[in-house]
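Observations on the three-dimensional arrangement
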Amino acid sequence: MGARSARLANLWTARLMPFVLLGAFGFASWVLIHRVCTMYLIRKTKETSLAIALITIYAIILLLLVSSYIRVAVTVTFNPGYIPRGPAGFGDDANNTDTLNESEKPATSSSTSRTFSQDLQHPQPGETTAVNLPRLPSTTSLTDVLRSGPRAEHAPYLHHSNPPRTPNVPRPSGPDPFPSNLSLFTSKSIFVCESDGYPRWCSQCNIWKPDRAHHCSEMNRCIWRMDHFCPWVGGVVGETSLRYFYQVVVYALIYCLYLLIVCGIVLSRRGTEYDSETGATSSPDSTWISVLVLSAFFALFSFGMTYSTTQLIYRNLSTIDAISAGSKVYQLAIRDPNPPARNIVQESMQTQLPETHRRVWFGDRCYVICKTMPGENPWRQPTIIENFRDAMGGGNWWNWVGLWGVAPPGTLGGLEGFYVWNQQVVRRLKRDAGILGKEEMRGAEFEVRRHG
Ligand SMILES: [Zn+2]
């Protein structure tokens with residue numbers, strides 16, 4: 001099966017699955033409420049209060065499961081966390097300038113510069129740096145500069161102290177190959193970068209990929225903190241839906257276990273007595289057995305899902321990142337709050353720094369490129385509860401059972417980054433690069449004393 005047909009099969013499974021699951025819920029409810037509780041417990045053995053209690057508990061679990069399922073299905077459909085695409089045809093020389101100007105139109109005042117990613121930016125009070133930093137190509141003519149208006153004032157200031165770029169992915173080479181979402185990154189103190197200091201590039205979406213974002217081939221879009229494409233919920237599980245997805249797998253496990261236990265006990269109690277009045281054969285009720293078998297199967301399945309998802313959340317990994325988690329080395333561009341003067345940087349700075357700690361400038365913001373240790377997860381938090389908070393979109397455990405309150409994508413880390421960094425890792429990297437501030441230095445010493 002080719003990639004295209006596999007993709008189509010996935011999409012169709014995703015579309016049909018909600019109906020299949022609703023059918024299964026309907027069947028199980030009919031068996032439990034009608035066949036087990038009404039026909040057997042109320043009419044036959046006259047255990048009305050037991051039947052009512054069983055139905056009530058069942059209804060509560062089903063309500064939690066169905067509402068979280070609806071919530072995840074609605075979220076992956078209407079708020080899937082797609083990252084806005086860059087201008088179409090990016091990198092083509094023809095007719096590109098206008099599109100660019102439309103999408104990354106810099107405001108006349110640098111402090112109010114907003115792009116299509118405006119909801120995700122949090123300019124610091126008092127910080128006057130424009131976050132919109134398009135790179136002006138060396139071949140730009142004076143007319144181009146004049147036509148692009150306010151852009152000219154930001155223009156010639158993206159410097160590279162690196163050797164010529166050796167991108168890992170092919171990037172476009174148009175008149176202005178850098179879409180406006182670069183400003184998303186330069187508004188953060190730390191972001192994941194390639195070896196040249198630029199963020200990861202998605203050539204399908206024409207954007208710089210935010211940390212932990214991945215391109216989903218089924219949807220052909222980059223998705224915030226993508227976890228996996230899930231046909232069961234009809235779309236991509238990512239940052240906006242992970243919380244509801246986790247609720248679904250946990251509630252599904254509780255639901256299946258409940259059905260399994262109730263049907264198992266009733267079946268073993270009933271024996272062959274049931275059929276004398278209805279005239280049916282004395283063999284066990286086939287609908288009970290089918291619910292028993294189905295719930296046993298799905299209990300195993302949802303146990304596996306609950307276990308693996310819990311483990312991933314605890315390790316602060318997505319399904320995709322977990323594949324290479326053991327050996328992965330992240331390259332982080334960490335902002336130097338007190339960079340040396342620009343001309344000095346270009347001429348002599350590289351000799352004062354370890355070879356791995358190159359500098360890259362975005363506007364007047366200077367970043368140092370650092371590498372994590374193999375297998376080190378720079379987002380993993382020291383405590384279980386913090387890792388869960390990170391995945392569940394903020395709040396505390398009592399918020400996590402409900403269906404509200406997920407933080408908007410990319411905002412959890414604030415100005416520090418797209419997501420909350422492991423401060424110990426960050427401090428070590430900064431210290432190694434020689435850019436640890438005085439405040440942080442004290443914090444690091446404190447930590448060393450506490451742990452060492
Ligand atoms: Zn993409």
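It should be emphasised that the depicted structure is a prediction, and the values quoted were computed from it without experimental measurement. (Residues numbered from 1 in each chain as written. Predicted model: local features only at pLDDT ≥ 70, side-chain atom pairs only at ≥ 80, totals over all residues.)

Focus: the overall build of the protein chain
- For the protein chain, the helix and strand inventory stands at 15 helices and 10 strands.
- Restricting to contacts in the protein chain with at least 6 residues of sequence separation, those with at least 24 account for 71%. (Helix = DSSP H or I, 4+ residues; strand = E, 2+ residues; numbered from the N terminus. Contact = placed C-beta atoms within 7 Å.)

Section: the UniProt feature "transmembrane region" (unreviewed entry) in the protein chain
- The UniProt record annotates "transmembrane region" (unreviewed entry) at residues 12–33, 48–70, 248–267 and 287–307.
- Between the first and last C-alpha atoms of residues 248–267 the distance is 28 Å; the span itself is 100% helix and 0% strand. (UniProt positions renumbered as here; feature names shortened; annotations may be inferred.)

Description of the packing of helix 1 (residues 3–42) against helix 9 (residues 286–315)
- Following both chains from N to C, one finds helix 1 and helix 9 inclined at 135 degrees, their axes separated by 10 Å at the closest point. Considering the angle they form, helix 1 stands oblique to helix 9. The two elements helix 1 and helix 9 meet at a crossing, and its hand is left-handed. Residues Ala24, Ala28, Val31, Arg35 and Val36 of helix 1 form the contact with helix 9, whose participating residues are Thr287, Trp288, Val291 and Leu294. (Axes fitted to C-alpha atoms, helices over the stretch in contact; angles between N-to-C directions. Parallel < 35°, antiparallel > 145°, perpendicular 65-115°, else oblique. Left-handed = near helix turned anticlockwise from the far one by under 90°.)

Considering helix 2 (residues 48–78)
- Over its 31 residues, helix 2 runs 43 Å from end to end, which matches the ideal 45 Å to within 8%, given 1.5 Å per residue.
- For helix 2, the complete set of buried residues consists of Ala51, Tyr58, Leu64, Leu65, Ser68, Tyr69, Arg71, Val72, Ala73, Thr75 and Val76.
- Elements in contact with the buried residues of helix 2: helix 1, strand 7 (235–237) and helix 7 (242–270). (Expected span 1.5 Å × (residues − 1). Buried ≥ 20, exposed ≤ 12 C-beta atoms within 10 Å, placed from the backbone.)

A word on the sheet that holds strand 10 (residues 365–371)
- Strand order across the open sheet formed by 4 strands is 1-8-10-9, with antiparallel pairing between neighbours. Both edges of this open sheet fall to strand 1 (190–192) and strand 9 (359–362), since each of them pairs with a single strand only. Within this sheet the neighbouring strands show an average axis-to-axis angle of 30 degrees, counted without direction. (Pairing = 2+ DSSP bridges.)

Examining the packing of helix 1 against helix 2
- Viewed as axis vectors pointing N to C, helix 1 and helix 2 meet at an angle of 175 degrees, and their least axial separation amounts to 10 Å. When the axes of helix 1 and helix 2 are compared, the pair comes out roughly antiparallel. Contact residues: helix 1 offers Pro18, Phe25, Ser29, Leu32, Ile33, Cys37, Leu41 and Ile42, while helix 2 offers Thr48, Leu50, Ala51, Leu54, Ile55, Tyr58, Leu62, Val66 and Ala73.
- Its residues assigned to classes, the contact of helix 1 with helix 2 shows 15 nonpolar, 2 polar and no charged. (Nonpolar A, V, L, I, M, F, W, Y, C, P; charged D, E, K, R; others polar.)

Re the pairing of strand 10
- Across the 7 residues that make up strand 10, a large majority, 6, are buried.
- As paired elements, strand 8 (residues 331–335) and strand 10 share 5 bridges and run antiparallel to each other. Looking at strand 10, one finds that Gln331 is bridged to Lys371.
- With 4 bridges connecting them, strand 9 and strand 10 associate as antiparallel partners. Residue Trp361 lies in a different strand from strand 10, and its bridge partner there is Cys366.

As for the environment of Gly375
- If you trace the backbone, Gly375 turns up in the loop between strand 10 and helix 12 (384–392).
- Along the sequence, Gly375 and Ser324 sit 51 residues apart, while their C-alpha atoms lie 8.1 Å from each other.
- Beyond its immediate stretch of four places on either side in the chain, Gly375 contacts Ala325, Gly326, Ser327 and Lys328.

Examining the nonpolar core
- Core analysis: the largest hydrophobic core is formed by 87 residues, its most contacted members being Val36, Val233, Phe245, Val248, Ala252 and Ile334.
- When residues in this core are grouped by element, the largest group, 16 residues, is from helix 7.
- Those residues in contact with Val248, other than ones at most four positions away along the chain, are Leu65, Ser68, Tyr69, Val72 and Val233. (Core = buried A, V, L, I, M, F, W, Y, C linked by C-beta atoms within 7 Å.)

A short note on unusual backbone geometry
- Unusually for a residue other than glycine, Asn206 sits at a positive phi of about 60 degrees.
- Of note, Asn206 is situated in the loop between strand 2 (200–202) and strand 3 (207–209).
- With 20 C-beta atoms packed within 10 Å, Asn206 lands in the buried category.
- A positive phi angle is found at Arg212, which is not glycine, with a value near 70 degrees.
- Its location among the elements puts Arg212 in the loop between strand 3 and strand 4 (214–216).
- Looking at Arg212, the number of C-beta atoms within 10 Å reads 23, which means it is buried.

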